[in-house]
Amino acid sequence: MNHLLAMPLVIPAITGALLLACAGNRPQAARWISAASTAVTAAVAVLLVMQAMAGDYQVYAVGEWQAPFGIVLVLDRLSAMLILLTAVVALAALAYAIAGWDLRGRHFHALFQFQLMGINGAFLTGDLFNLFVFFEVLLIASYCLLLHGLGQPRLRAAVHYVAINLTGSGVFLIAVSLLYGVTGTLNMAHLAERVALAPEADIALIRAAGMMLLGVFAVKAALFPLYFWLPQAYSSACAPVAALFAIMTKVGVYSILRVTSLVFGGASGAGADLTTPWLLPVALLTLGLAALGVLGARRLGELVAYMTIASVGTMLTAITAGGVAGVSGALFYLVHSTLVIASLFLLTELLTRQRGSSGDALVTGPALQQPVLLGIAFLIATITVAGAPPSSGFLAKLMILQATLPGPAAVWVWSIILCSSLLVLVGGVRAGSQLLWHTETTPDHNARAARPAEWLPLGALLVCGVALVLFAQPLQKYTDATAQQLLARAGYIEAVIGGTPDTQPRPLRPGEPL
Amino acid sequence: MEFLLASALGVTTACGVYLLLRGRTFSVVLGLSLLSYAVNVFIFTMGRVTTGAPPIVTTGVSTYTDPLPQALVLTAIVIGFGMTAFFLALAVRAYRDSGSDHVDGSEPVHPEKRSP
């Protein structure tokens, strides 16, 4: 068995436990350990991507318990790509945190590692209940990270965030156990087989469970009408945490993609067309409303949070409307948007700090101490997030628009994606001119200017965005292959539980002989 | 038995949702707890309600109870308990810092009580 597969979980878990022991009295040591662990996880992620590029599924049966009886971790192109992306964002967020934020509360680094473990686990696991467990791991870490630094806005945001996510967890459990009760399995590949073969009487229950699952994922991904928790939570989190949260909505998108393509992916049977009638309208509504939110935001943090929601809307539009090419475009967009939104959250904090009491409110405040550098960074990030040429956002949106072209929904998709891009650009430009130009004449001399240790992660994220343009073709090749692998689910099922078809598509009823 | 369990689950869930939608953090905590109790029992019943049947294969026995939901519900109980404890601590901290136990962190202002 390929033990490398378990490393993205094992490394952060062990490091996190170690950090709990030494964080309180040795802050410098905690920094080094945390940074080293994150770097090693990133190196493992690179190796995993190289392995996944061969095109095979890698299955890791935990404790050598065979699927479907034990828990499996499954590596395919999609999981490998997302784990690498998580590692890149985590490195940048951690570097930024080490510049000062991590000392404002105990156990920042331990929580950070547990958060990474939860995210990586959600991307790797092939078991539905295990997915719930990893969701809880990443959520409890995110609750504490959201509160890092404390203060009333954070507490208020955290109460809402925790309440909605605990409710979501309850619904998740109901859906999972309902699926188990009807099909008798929790392994996703095994579920896919049994859902396709489900008898007529069970179809309604399976579809109800599927819709509940997707509802929960919609909460995590922040889809309309379940996104109202996001702007406040993300804009009140401290900068490195908000940057890491940029990947969290993508966990929701990943789960929707995985479950709809694998478990409910069959052309016939109980899962057929489960999401078709409503996911596209919901995604388009999310996108449109988020663009209006960007335009109406009164604080920079809120504006970036709405940009996050817009990115989710764009991705799910592409996934539902574009077939294989659409999924490929959505994955390209996922990489681009995560990087740029993380950099925007870091930039927000740098800008806010130099504006004295005005904070990140979009009102006239003191002049900035470093207007040129901050201005250039803001310009690059805004152009990229809005998708103006020659940025990576432009390429991603081009792929998405091309993918949806022959479809019946093309009119809606094109008009809403293009209009919302314009609105996001206008919102970004308005915020930029307010923050950089419409200022008082003198800067706030008490404010702390951005230091090289803070420029480094921000610059690195922006350079990654530029690299996406330069290396667009290899990335597109990779996302194309990923989309094909994802939508051909037979390979996944065979890799996990072998080629023998399941002849008993339901669990034993009580009293039935074994 | 099934009817009784299903009714109890329904009533508990309804109470949980009602409390969850209240404005004070303590009601919300109670609501979330009730909801998680209902969910836990629901997981349990998804393994079918059987009495007096062993969970492990034994010679001479033909009826079994499903052991997996029991393992699942154990995990769910532990996670639910931890989350409730965290939420309580959070609620207490929010009350101390803001002086209000309202979920929005401040007392709502009613239109008729607003000073002119």
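Residue indices follow the written sequence of each chain, beginning from 1 at its first position. To read the labels, note that chains go from A and ligands from 1, taken in the order they are written. Under the rules for a predicted model, residues below a pLDDT of 70 receive no local features and side-chain atom pairs below 80 are neither given nor counted, while totals for whole chains, interfaces and linings still include all residues.

1. A closer look at the overall build of chain B
The number of helices and strands found in chain B is three helices and zero strands. Under the DSSP-based scheme used, a helix requires at least four consecutive residues in state H or I and a strand at least two consecutive residues in state E, with every element numbered from the N terminus. Helices and strands in chain B line up, N terminus first, as α-α-α. Counting over 116 residues, chain B shows a buried share of 26%. A residue pair is marked as a contact if its C-beta atoms, positioned from the backbone, fall within 7 Å. Sequence-distant contacts in chain B: of pairs separated by 6 or more residues, those separated by 24 or more amount to 49%. Exposure is read from a count of other C-beta atoms within 10 Å of each residue's own; the residue is exposed at 12 or fewer, buried at 20 or more and partly exposed in between. C-beta atoms are placed from the backbone.

2. Focus on the nonpolar core
Residues Val 89, Leu 223, Ala 243 and Ala 342 of chain A are the most contacted members of the largest nonpolar core, which totals 220 residues. Examining the composition of this core, we find that 18 residues originate from one element, helix α3 (residues 77-98) of chain A, more than from any other. The term nonpolar core refers to a set of buried Ala, Val, Leu, Ile, Met, Phe, Trp, Tyr and Cys residues connected through C-beta atoms within 7 Å.

3. Description of the interface of chain A and chain B
When the parts come together, some accessible area is lost, and that loss is often what is quoted as the size of the interface. Contacts between the two partners involve 27 residues from chain A, matched on the other side by 32 residues from chain B. The set of elements that each furnish at least two residues to the side of chain A that touches chain B consists of α5 (128-146) and α6 (152-183) of chain A. Per-element accounting of the side of chain A that touches chain B gives the leading share, 17 residues, to α6 of chain A. Polarity classes work like this: nonpolar for Ala, Val, Leu, Ile, Met, Phe, Trp, Tyr, Cys and Pro, charged for Asp, Glu, Lys and Arg, and polar for all others, with Gly in that last group. Taken together, the residues of the side of chain A that touches chain B break down into 17 nonpolar, seven polar and three charged.

4. Quick notes on helix α4 (residues 108-124) of chain A
Helix length check: α4 of chain A, at 17 residues, gives a terminal C-alpha distance of 24 Å against a target of 24 Å (1.5 Å per residue), a fit within 8%. With respect to burial, α4 of chain A is a largely interior element, 17 of its 17 residues being buried. Under the convention used throughout, the expected extent of a helix is 1.5 Å for every residue step, that is, one less than its residue count.

5. Considerations on helix α2 (residues 25-45) of chain B
Here α2 of chain B is 21 residues long and its end C-alpha atoms lie 30 Å apart, about the 30 Å a rise of 1.5 Å per residue gives. Looking at the buried side of α2 of chain B, the elements it contacts are α6 of chain A together with α1 (2-20) and α3 (68-98) of chain B.

6. Section: the environment of Arg 258 of chain A
Relative to the helices and strands, Arg 258 of chain A resides in helix α11 (residues 248-263). Along the primary structure Arg 258 of chain A and Phe 123 of chain A are separated by 135 residues, whereas in three dimensions their C-alpha atoms are 9.4 Å apart.

7. Some details on the packing of α3 of chain A against α4 of chain A
All names here are of chain A. Where α3 meets α4, the closest approach of the two axes is 9 Å, and the angle between their N-to-C directions is 165°. Here α4 runs roughly antiparallel to α3, going by the angle between their axes. The way α3 lies across α4 gives a crossing that is right-handed. Every residue of α4 that contacts α3 at Ser 79, Leu 82, Ile 83, Thr 86, Ala 90, Leu 94 and Ala 97 is listed here: Phe 108, Phe 112, Leu 116, Ile 119, Asn 120, Phe 123 and Leu 124. With axes taken as lines fitted to C-alpha atoms, and helix axes fitted only over the stretch in contact, angles between N-to-C directions fall between 0 and 180 degrees. Comment on the angle field: the value is read as roughly parallel under 35 degrees, roughly antiparallel over 145, roughly perpendicular from 65 to 115, and oblique elsewhere. Crossing chirality is assigned from the near helix's rotation relative to the far helix, an anticlockwise turn below a right angle marking it left-handed and a clockwise turn marking it right-handed.

8. Notes on the packing of α6 of chain A against α2 of chain B
Relative to each other, α6 of chain A and α2 of chain B sit at 15°, their axes nearing to 9 Å. Considered as vectors, α6 of chain A and α2 of chain B are oriented roughly parallel to each other. Considering only the axes of α6 of chain A and α2 of chain B, their crossing is left-handed. For the pair formed by α6 of chain A and α2 of chain B, the contact residues are Val 159, Ala 163, Leu 166, Thr 167, Gly 170, Leu 173, Ile 174 and Ser 177 of chain A on the first element and Thr 25, Val 28, Leu 32, Leu 35, Ser 36, Val 39, Phe 42 and Ile 43 of chain B on the second. By residue class, the composition of the contact of α6 of chain A with α2 of chain B is 11 nonpolar, five polar and no charged.

9. Quick notes on the environment of Leu 103 of chain A
Relative to the elements of secondary structure, Leu 103 of chain A occurs in the loop between α3 and α4. Note: C-alpha distance between Leu 103 of chain A and Leu 462 of chain A (359 residues apart in sequence) is 26 Å.

10. Description of the confidence of the model for chain B
Residues and elements named next belong to chain B. Here chain B shows a mean pLDDT of 87. Residues at 70 or above account for 95%. Per-residue confidence from the prediction method is given by pLDDT, with values spanning 0 to 100. The lowest-confidence element of chain B is α3, averaging 90 in pLDDT; the highest-confidence one is α1, averaging 93. Two summary scores accompany this predicted model of the complex, namely pTM at 0.92 and ipTM at 0.92.

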